[in-house]
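If you want the building blocks of each chain, they are given just below.
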Amino acid sequence: MADGIRQPAGEDDGPRPGPEASAPPSPSDGDYRVYNNFYGPQYHGRAHFGIATATERSGRARATGLLDGDEVDALLRSYIRPDCFDGAARELSRTGVVVLTGPRGTGKRSGAVALLRETVGPSADYVVLSPDIGLDQLAERTFEAGVGYVVLDRTGAAGTAGDAAEPSADFSWRRVRDQLRSHRAHLVITTVHAVSGRAPEAVRHLPWRPPALDKVVRARLVQARAPRESVERAVAGIPPRCPIAVVAEAAQRIAAGADPDQVWKEHSGAAPQAVHEWFGADEGRSLREIAEVTTLAFAPGVGRRAFESLQDTLERLLEPVYFTPEDGPASSGPAAPDTAERSAAPDGRDRRPARRARPADRRRSLARNPLITTEMQVYGATTREVMVFADVELRRWVLQELWRDHPIEYWDAVRQWLDVVVGADPDPVLQHSIASGLTLLGHTAFDEVVQSYLDPWARGRSGRTGQTIAAYVLWYMCLDETQAAAALTLVRTWAQSTHPTLRGTALVAFGGQLGATFPTDAVKWLWAVLRSGVLDKHEERASGLRAWAQLFLTLVDCQEDAGIVLDALAHRIRKEQRTRAAAYSATGLLALETVLYVFGATERLSGRPAVARYVADRPEETEVVAELWAAALRYRPLRRSALSALLATVGALPAVASDPTAVATRLGRALAAALPPVELPLLASELGQLAVSRHARAARPEHVAVLLGALNSVKDSHPR
């Protein structure tokens, strides 16, 4: 990737060749769709965002940024220190940085925060940094004194976590350590990758082990004042080799009143045992049976007709894997009556045509499969029968067993099958089913998912539908803390690519759930792609601008802090205004154009500008919004578009604000304060004329009048 986009460590604000700033589409023309957020129960069960456990999280989607007190308290409630805690705490206090290594499910996440609380104190701030951060970035970062920093599941800027053993690693780690010492800050890094080869001497990489599981359960139940009998039953029922996160969550449910036996039954391994026994049956499994569970693994919840059609396509692709050319697929299911005549060939071989099982046998085989069942789903006044696993937990274990026991030829056929399905532009339900299935497969075979599906689809091999499903997979991965960091690193490499379609998929991914989970990284890389000059075509440039608008929409829709988008744009415009007395540079014009795309982005269902809801819900951010609007208004080529967007926003206030008059007044005063006094009379005149035009008839005149009144009141207060 010699010609790709480099790490945006700094910004050159000098003139850059590029197209002139053009007015973005009007708010009514925007095609922004907020269909990429996942709410309510999904396949991922107890997967969650943030840093707390699923039952304790505060509902926050982002995985980076400042940890609030409630999140820390929930994470460390009844925390039990493992035997390795004291040694790690001493090392963190001595050097200011420590790396915790170990497999997933060993408590590194809560251990990292507990170490910081032990070292910097419970009243300090804790900040979660991006898992994609590199050692050079850490060494050059300005840390705040007395603050505890944590990097969870670090992958590294190169996309791998094995940089600890590289020849220059010790020097890089030494720079990180010295930087933290000079700023009197502390940092804990967690990773699943153990050090291979010689470990760096500057920073200790310590294996992390979970505490005794019975102590974790007992501590939580005692704190909740659970009955002694319930405590003993809960401790006695802990399944073997149960991850610490699962034990902590189960203890939380028992503390809330759930029956210990029932809770542990859900984690007793019944699903993996059932799958293992089914695959390990003495008589073996036929092609048809394998096709059944494979189809359902990637297409749960579809109707019978669609399911059988998908299964039939897969069976045809799997036949060469299971049979030699001389063999008919007689074992693909119960054999149909032999109605084909035998014909003797000169070489004496049987030239009987290959036989396929009767279609009716497919339903009989499905009925006999204990892993598969049907359920009735209600759609308004109608119901339909859909195919599902007998237990939702079976799906993951089926995929794991298929990956472990089936050859690459089988997976080549599955890849070809999914390419055919995706190429046929399936409905959104099937698209999401395929995406969630690939996400579950990623737990066992992440490289297979990336190399066989995500990367080819992101490059456009299966058209826009393939790009969309690739983005869905990445968004589902963000719901799973074990894959979110890897998804971020993958998309970052796409953003750095010179392949235009691959970059386009990265823009889509950063504009959705990936951006909500890692907003700082999304803003950084969306800007890096946009200003790099690689989006030289008008369509590509528009895609980059829409990605900014989509990220803002996603954050507002998720009730996350969308201010990170506006703050990033305000920073670049302020920098431009400080360094240039006259015309904007190409970078400055790009920032202004991005502002108008963001302010013109409309919600999919209501068609209202998202910025209207933002200023109504976050009055403290009104000044930043007004500052950006003022900058766009002062640049005459974009003034008309800025005025139209402002009018559309004011017109939407009655639908999104309990007191639209107060919001309009606040916005008008902030806008007047952000504009030079000489601009105010002209703005009031133009806005008044536009408000009565046919184009803006949807705006409520009383609220436009309130905005004008606020502008005029500030204008009249200025000395003439």
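Bear in mind the structure is a predicted one, so any value in this text is a computation, not a measurement. (Residues numbered from 1 in each chain as written. Predicted model: local features only at pLDDT ≥ 70, side-chain atom pairs only at ≥ 80, totals over all residues. Heavy atoms only, no water.)

**Structural notes on the side chain of His406**
Using the following cut-off: The numbering of helices and of strands both runs from the N terminus, where a helix is a DSSP run of H or I of at least 4 residues and a strand a run of E of at least 2. Whether two residues touch is decided by their heavy atoms; if any such pair falls within 4.5 Å, the residues are in contact.
Of note, His406 is situated in the loop between helix H14 (394-405) and helix H15 (408-423). If we skip the residues at most four places from it in the chain, His406 touches Phe279, Ile290, Tyr322, Glu401 and Trp411.

**Quick word on the pattern of salt bridges**
Using the following cut-off: One side-chain nitrogen of Lys or Arg within 4 Å of one carboxyl oxygen of Asp or Glu is enough to make a salt bridge. The buried label applies to any residue whose accessible area, calculated with a 1.4 Å probe on protein chains only, is under 20% of its type's maximum; exposed applies above 50%, and partly exposed to all values in between.
Applying the stated rule across the entire model yields 36 salt bridges. Here Glu91 ties to Arg94 by a salt bridge, and the two come within 2.7 Å at their closest N and O atoms. Taken together, the residues span about one helical turn, with Glu91 and Arg94 both in helix H2 (residues 85-95) at a distance of three residues. On the basis of relative accessible area, Arg94 is assigned to the exposed category, the value being 55%. A salt bridge links Arg404 to Glu401; the nearest nitrogen and oxygen atoms lie 2.5 Å apart. Of this pair, Arg404 and Glu401 both sit in helix H14, separated by three residues, roughly a single helical turn. The network of salt bridges with shared partners includes Arg288, Asp312, Glu315, Arg316 and Arg362.

**As for the sheet that holds strand S2 (residues 97-101)**
For the record, the criterion: One requirement defines pairing of two strands: DSSP has to find at least two bridges between them. All axes are obtained by fitting lines to C-alpha atoms, using only the stretch in contact for helices, and the reported angles, taken between N-to-C directions, cover 0 to 180 degrees.
With respect to topology, six strands assemble into an open sheet ordered S1-S3-S4-S5-S2-S6, the strand pairing being mixed. Looking along the sheet, the strands with just one partner apiece sit at the ends: strand S1 (65-67) and strand S6 (205-207). Averaged over all neighbouring strand pairs, the angle between strand axes comes to 25°, with direction disregarded. By the bridge criterion, four bridges tie strand S4 (residues 148-151) to strand S5 (residues 186-191) in an arrangement that is parallel. Each residue of the ladder has a partner; that of Val150, found in S5, is Val188. Strands in contact with helix H5 (residues 169-183) are S2, S5 and S6; relative to S5, the strand with the most contacts, it is inclined by about 145°.

**Describing helix H21 (residues 519-531)**
Because an α-helix completes one turn every 3.6 residues, residues spaced three or four positions apart along the sequence face the same direction. For clarity, the threshold we go by: The span one expects for a helix is its residue count, reduced by one, times 1.5 Å.
Over its 13 residues, H21 extends 18 Å from the first C-alpha to the last, a length consistent with the 18 Å expected when each residue adds 1.5 Å. Among the 13 residues that make up H21, 11 are buried, leaving the element largely enclosed by the rest of the structure. Those residues of H21 hidden inside the fold are in contact with helix H18 (484-495), helix H19 (500-510), helix H20 (513-517), helix H22 (538-557), helix H23 (563-579) and helix H24 (586-600).

**A short note on helix H11 (residues 287-298)**
A rise of 1.5 Å per residue sets the reference length of H11, with its 12 residues, at 16 Å; its end C-alpha atoms lie 17 Å apart and thus fit the reference within 8%. Along H11, 12 of the 12 residues are buried, which leaves the element largely enclosed by surrounding structure. Within H11 the residues assigned to the buried category are Leu287, Arg288, Glu289, Ile290, Ala291, Glu292, Val293, Thr294, Thr295, Leu296, Ala297 and Phe298.

**Observations regarding the packing of helix H12 (residues 304-322) against H15**
Axes are the key here: two packed helices are described by the angle between their axes and the distance separating the axes. Test applied: Each angle receives one of four descriptions, namely roughly parallel if under 35 degrees, roughly antiparallel if over 145, roughly perpendicular if within 65 to 115, and oblique otherwise. Handedness of each helix crossing follows the sense of rotation of the near helix against the far helix: counterclockwise by less than a right angle gives left-handed, clockwise gives right-handed. Under the scheme applied, nonpolar residues are Ala, Val, Leu, Ile, Met, Phe, Trp, Tyr, Cys and Pro; charged residues are Asp, Glu, Lys and Arg; polar residues are all the others, including Gly.
H15 packs onto H12 with a crossing angle of 150° between their chain directions and a minimal axis gap of 9 Å. With respect to each other, H12 and H15 are oriented roughly antiparallel. The chirality of how H12 crosses H15 is right-handed. Here Leu310, Thr313, Leu314, Leu317, Leu318, Val321 and Tyr322 of H12 lie close against H15, whose contacting residues are Glu409, Tyr410, Ala413, Gln416, Trp417, Val420 and Val421. Considered class by class, the residues forming the contact of H12 with H15 number 11 nonpolar, two polar and one charged.

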